[in-house]
Amino acid sequence: MSSSGSAENAQTRPGPRHIAIIMDGNGRWAAQRGLPPSAGHKAGVERIRDLIEACKDRGVEALTLFAFSSENWQRPSKEVELLMSLFHSYLRKEAQRMREEGVRLRVIGRRDRFSPRLAQAIEEAEDMTRDGSRGNLVIAADYGGQWDIARAARCMAEEVAAGRRSPESITERTLADYVQLVDLPSVDLLIRSSGEQRISNFILWQAAYSEFYFTDTLWPDFGERALDEAIEAYCGRNRRFGGRGRGGLAAGA
Ligand code: IPE
Ligand code: IPE
Ligand code: MG
């Protein structure tokens, strides 16, 4: 994850600076093997280390992973417990390595529903990697895109109530400063594994102009090759952002 160019209309598009992934399909991967979902979640976590490396090698500056949605609390309690414990051990095991590799980790989402032990592990991992300048890893946990936007609106409403801002100053440009990921390059490529084609309350605001890429590959099978296929698809897209863009109808038409 390092810097790369961003000439949006070049013939050969540079690779994505920020990739976000909905890591889906652990349950089906396990079911195909006659195993419980926990086996799929364990296999899924194992993909992450290599993926960070692969992104770094490809000049990706930020990788945002959807690990646990605000709706995933509805899963059976045993599954939720396992996911929390995997998250905890991941942070404990990987934070030191990320620090050594200069990767800055942050976790986005609600914190108040995690156990104090997990909340502390998150804080420690973030503190430990704070100075990382060679890439960003964002883990979205107890995250919902609607929560993110509502939280931003609440922060701004508090400023209005305190007399520090006018209601008229709330626009799409100013609200953008209050949602998560504001300090990172915008999400260029949003990947979802497992064949589902929906956003499931992930980054609703930030994905306004992301390129979407869906693959049938189940998350525990998602490796470098799948990543390259997604990046290749991205590089072939014509991003127009509402304008004409390259190769579109003649500008004067
Ligand atoms: C994604 O895998 C992981 C989480 C949602 C935490 P799933 O567990 O949703 O896998 P499927 O969709 O059942 O295959
Ligand atoms: C989305 O997957 C959340 C994560 C991958 C963390 P889900 O499996 O929870 O989504 P739905 O229920 O199929 O929409
Ligand atoms: Mg799923």
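Up top you'll find the structure we're talking about.
Everything quoted here is computed from the prediction, not taken from an experiment.

**Q** Describe the packing of helix α2 (residues 37-57) against helix α3 (residues 77-101), and please don't skip the residues or the numbers.
**A** At a closest axis distance of 11 Å, the pairing of α2 and α3 adopts a crossing angle of 20°. Judged by the inter-axis angle, α2 sits roughly parallel to α3. Crossing angle aside, the handedness with which α2 passes α3 is right-handed. Contacts from P37, S38, H41, K42, V45, I48, R49, I52, E53 and K56 in α2 reach E79, L82, L83, L86, Y90, E94, R97 and E101 in α3. Across the contact of α2 with α3, the residue classes tally to eight nonpolar, two polar and eight charged.

**Q** Account for unusual backbone geometry, naming residues and giving values.
**A** Phi angles above zero are rare outside glycine, and L181 is one such case at about 75°. Judged by relative accessible area, which is 7%, L181 ranks as buried. Phi at N201 is positive, roughly 65°, even though this residue is not glycine. Residue position: N201 is located in the loop between β5 (189-192) and β6 (211-214).

**Q** So what's going on with the site of ligand 1? Residues and values would help.
**A** Around ligand 1, the structure places M23, D24, G25, N26, G27, R28, H41, A67, N72, R75 and L83. N26 is positioned with one of its backbone polar atoms (N or O) 3.1 Å from an oxygen atom of ligand 1. Taking R75, its side chain carries an N or O atom lying 2.9 Å from an oxygen atom of ligand 1. Coverage of ligand 1 by the protein amounts to 82% of the 380 Å² it exposes when considered alone. The cavity that encloses ligand 1 is the largest pocket. In terms of residues, the shell around ligand 1 owes the most to one element, helix α1 (residues 26-32), which gives three residues. Split by residue class, the shell around ligand 1 holds three nonpolar, five polar and three charged.

Cut-offs used in this document
Residues numbered from 1 in each chain as written. Chains lettered and ligands numbered in written order. Predicted model: local features only at pLDDT ≥ 70, side-chain atom pairs only at ≥ 80, totals over all residues. Heavy atoms only, no water. Axes fitted to C-alpha atoms, helices over the stretch in contact; angles between N-to-C directions. Helix = DSSP H or I, 4+ residues; strand = E, 2+ residues; numbered from the N terminus. Parallel < 35°, antiparallel > 145°, perpendicular 65-115°, else oblique. Left-handed = near helix turned anticlockwise from the far one by under 90°. Contact = heavy atoms within 4.5 Å. Nonpolar A, V, L, I, M, F, W, Y, C, P; charged D, E, K, R; others polar. Buried < 20%, exposed > 50% of the residue type's maximum accessible area, 1.4 Å probe, protein only. Near = heavy atom within 4 Å. Polar contact = N/O pair within 3.5 Å; in protein donor to acceptor, adjacent residues only side chain to side chain. Areas by Shrake-Rupley, 256 points an atom, 1.4 Å probe, with all protein chains shown as cover. 1 Å grid on protein atoms, 1.4 Å probe; cavity = no way out; pocket = protein on both sides within 12 Å on 5 of 7 lines; lining within 4 Å. Sits in = over half its atoms within 2 Å of the grid points.

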